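The chain contents come next:
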Amino acid sequence: MGKKMRILGLSFLLFLSVQNKALAEKKEERSWKDETIYFIMIDRFHNGDKRNDFEVDTKDPSAYHGGDFKGVTEKLDYLKKMGVTAIWMTPVMKNEERGYHGYWTEDFYDTEEHFGSKEDLKILVKEAHDLNIKVILDLVVNHTGYKHPWQNDPAKQDWFHPQEEITNWDNQENVENGWLAGLPDLNTENPETRNYLLDMAEYWIKETDIDGYRLDTVKHVPKNFWIEFSERVKKVKPDFYLIGEVWHNDPRYIAEYNKAGIQSFVDYPLFNEMVRIFRQTGQSLSELNSVWERNKYYYEDPYMLGNFIDNHDNIRFVREVLLKQEDPEKRLKMALTYLYTAPGIPILYQGTEHMMDGAKDPDNRRMMDFDQNKEIETFTAKLGELRQKHPALRRGDFSLIKEDRAKAVFKRSYKNETVFIVFNNDKKDGTVSFSDRDLQKHDLLDVMTKDTVNVKGEKAELFLKGEAAHVYLLQKDKGSPIMFTVLGAAAVFMIGFLIFLYRKRIRT
Ligand SMILES: [Ca+2]
Ligand SMILES: [Ca+2]
């Protein structure tokens, strides 16, 4: 009997450990919320092929500047070093004249010749995948380019809505059916047009093996189109990612598109607050927490949202800072620290890591300079590395645990990892002190500087330079060896007790 008992006990332990391992592996499977996205405007990124440089004029901000698929492929190693795990590229389809940005489609089934061939695009995707980098393509279904040939095709007259600019932005029907900035508005209610667009979306996934779409002008296309669209693309690839551009300040309005199957959005309400708070000293950070509280309430999964401080449609963050006559390097470091440590997927627009400046479009789309600012480049790469290394920064909960005018402490925890993100948004140096039960018997490690901060009891007192942010990792419990002994003894006792019960049952 004794032998059987031992086998029973061992099998039980083995079963527990296998089950725990399986559970842990399942939970840690890479998800879209773990990604760090880098946003590339193909024409303005890197010129890898001079043979497609016709009509290129780098002096004209509205002309082609020479960037292409080969250029992106050549820079994949650079992106990998930046801690990037996914890229979002501006539309790749053949555009009409001067459509360097890609949003003026001429042919939905061909690539833009300035960027390269379909083969070049496939090589880009393949090489990105080899580096474990996912690829998201920008997709426009709301409109075509100004001079699209369908407009003169008698068979395609009902492929467009009647030519009429959007005038009432509070009227959803007008927002959906009106022409945006004079661009021919596609009639997605027409089954023929709808099927053409759905087939096209499916085609690019099958043809190039991309992993997601960034959906342009989502609010200008009816929700019932997006419902069918999401179903179709997810049939091709179940984990296909959709991140929608619903340019709006109200999360309730944006979150409505969750119901249409779009699981993520670029977070414009957060963008507005981040720019307002980080471009100038003295601002309280509390509104950042309010945005998160609202996001948790309205979205299906707020961790899927895409966070950004820069994009191709807005004045660059650095310019916002300069307009306030503040220090761009300090301000940018703070904003980037929040971007990479707050819940949601960071989206870095090309050039932000080189402190690139730029006023409104097209000045915010200057050709990428890979040597402009090595200091910020290294800083951003470090943040990218931290986000990958610490699950608490990707999946942890988030709360504002201390707020004192322009100083703030955010706490994030995931499983047995805890981080504190501390901001001093004042011009002057100062001490940030805060209490937290988890600080008991723990020290804090500054993950950027590797300095250890000794903690007394449940209180931490941190000295921060003016306009600075630090990320602190809660160190392992100082008393952990004792904890292990206690837990070990408890386990032995439990097994003994089970054996005792089993024996008792056999006897009776
Ligand atoms: Ca080129
Ligand atoms: Ca429309």
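Scroll up to find the structure.
Residues numbered from 1 in each chain as written. Chains lettered and ligands numbered in written order. Predicted model: local features only at pLDDT ≥ 70, side-chain atom pairs only at ≥ 80, totals over all residues. Heavy atoms only, no water.

K.L.:
It is not clear to me how the coordination of the calcium ion (ligand 1) should be interpreted in this structure. Could you clarify?
P.N.:
Around a metal, the perfect tetrahedron of four donors has angles of 109.5 degrees, and the perfect octahedron of six donors has angles of 90 or 180 degrees. For the calcium ion (ligand 1), the full set of protein donor atoms is Asn47 (OD1), Asp49 (O), Asn52 (OD1), Asp53 (OD), Gly66 (O) and Asp68 (OD), at a range of 2.3 to 2.5 Å. Because the angles between the six donor atoms bound to the calcium ion (ligand 1) fall within 65 to 172°, the donor set is best described as irregular. Along the chain, the residues donating to the calcium ion (ligand 1) fall in the pattern N-x1-D-x2-N-D-x12-G-x1-D. Under the relative-accessibility criterion, Asn52 is labelled buried at 7%. (Donors = N, O, S within 2.8 Å, 3.2 Å for Na, K, Ca; no water. Tetrahedral: all angles 85-135°; square planar, octahedral: opposite > 155°, others 65-115°. Buried < 20%, exposed > 50% of the residue type's maximum accessible area, 1.4 Å probe, protein only.)

K.L.:
How do you make sense of the coordination of the calcium ion (ligand 2) when you look at a structure like this?
P.N.:
Distances from the calcium ion (ligand 2) to its protein donors, Asn142 (OD1), Glu176 (O), Asp185 (OD), Asp185 (OD) and His220 (O), fall at 2.2 to 2.5 Å. For the calcium ion (ligand 2), the single-chain donor residues occur in sequence as N-x33-E-x8-D-x34-H. For the pair formed by Glu176 and Asp185, the shared burial category is buried.

K.L.:
Could you clarify how one ought to interpret helix H12 (residues 328-341) in this entry?
P.N.:
One turn of the α-helix equals 3.6 residues, which is why residues spaced by three or four share an orientation. Over its 14 residues, H12 runs 20 Å from end to end, which matches the ideal 20 Å to within 8%, given 1.5 Å per residue. Buried residues dominate H12, accounting for 11 of its 14 residues. (Helix = DSSP H or I, 4+ residues; strand = E, 2+ residues; numbered from the N terminus. Expected span 1.5 Å × (residues − 1).)

K.L.:
What should I look at first to understand unusual backbone geometry in this one?
P.N.:
Keep in mind that most residues, glycine aside, have a negative phi and that most peptide bonds are trans. Following Asp361, the chain continues into Pro362 via a peptide bond in cis, with omega recorded as 5°. Here Pro362 lies in the loop between strand S10 (345-349) and helix H13 (374-389). The backbone phi angle of Arg405 is positive, close to 50°, even though this residue is not glycine. Position of Arg405 among the secondary structure elements: in the loop between strand S11 (399-404) and strand S12 (407-414). We classify Arg405 as exposed; its relative accessible area is 67%.

K.L.:
Even after reading the chapter, I still don't get the sheet that holds strand S8 (residues 264-265), so can you show me in this structure?
P.N.:
In any sheet, the strands associate via hydrogen bonds between backbone groups, in a parallel or an antiparallel arrangement. Pairing is parallel across the open sheet formed by eight strands, whose spatial order is S8-S7-S6-S5-S2-S1-S10-S9. Edge positions in the sheet fall to S8 and strand S9 (306-307), since each of these pairs with one other strand and no more. Here helix H6 (residues 191-208) sits on the sheet in contact with strand S5 (134-139) and strand S6 (212-215), set at roughly 140° to S6. (Pairing = 2+ DSSP bridges. Contact = heavy atoms within 4.5 Å. Axes fitted to C-alpha atoms, helices over the stretch in contact; angles between N-to-C directions.)

K.L.:
Help me out: how do you make sense of the side chain of Asn52 in this one?
P.N.:
Considering the arrangement of structural elements, one finds Asn52 in the loop between strand S1 (37-40) and helix H2 (69-74). There is a polar contact of 3.2 Å between the side chain of Asn52 and the backbone oxygen of His114. Residue contacts for Asn52: discarding those within four places in its chain leaves Gly66, Asp68, Glu113, His114, Phe115 and Gly116. (Polar contact = N/O pair within 3.5 Å; in protein donor to acceptor, adjacent residues only side chain to side chain.)

K.L.:
Where do I start with the packing of aromatic side chains in this structure?
P.N.:
To describe a pair of aromatic rings, you give the distance between the ring centres and the angle between the ring planes. Evaluated as defined, the whole model comprises 39 aromatic pairs. Pairwise contacts between aromatic rings join Phe108, Tyr109, Trp150, Trp159, Tyr196, Tyr203 and Trp204 into one cluster. One cation-aromatic arrangement involves Lys134 over Trp32; the distance from NZ or CZ to the ring centre is 4.4 Å. In this structure, Lys156 is placed above the aromatic ring of Trp159, and the distance from its NZ or CZ to the ring centre is 4.9 Å. (Phe/Tyr/Trp six-rings, centres within 6.5 Å; stacked < 30°, edge-to-face > 60°. Lys NZ or Arg CZ within 6 Å of the ring centre and 35° of its normal.)

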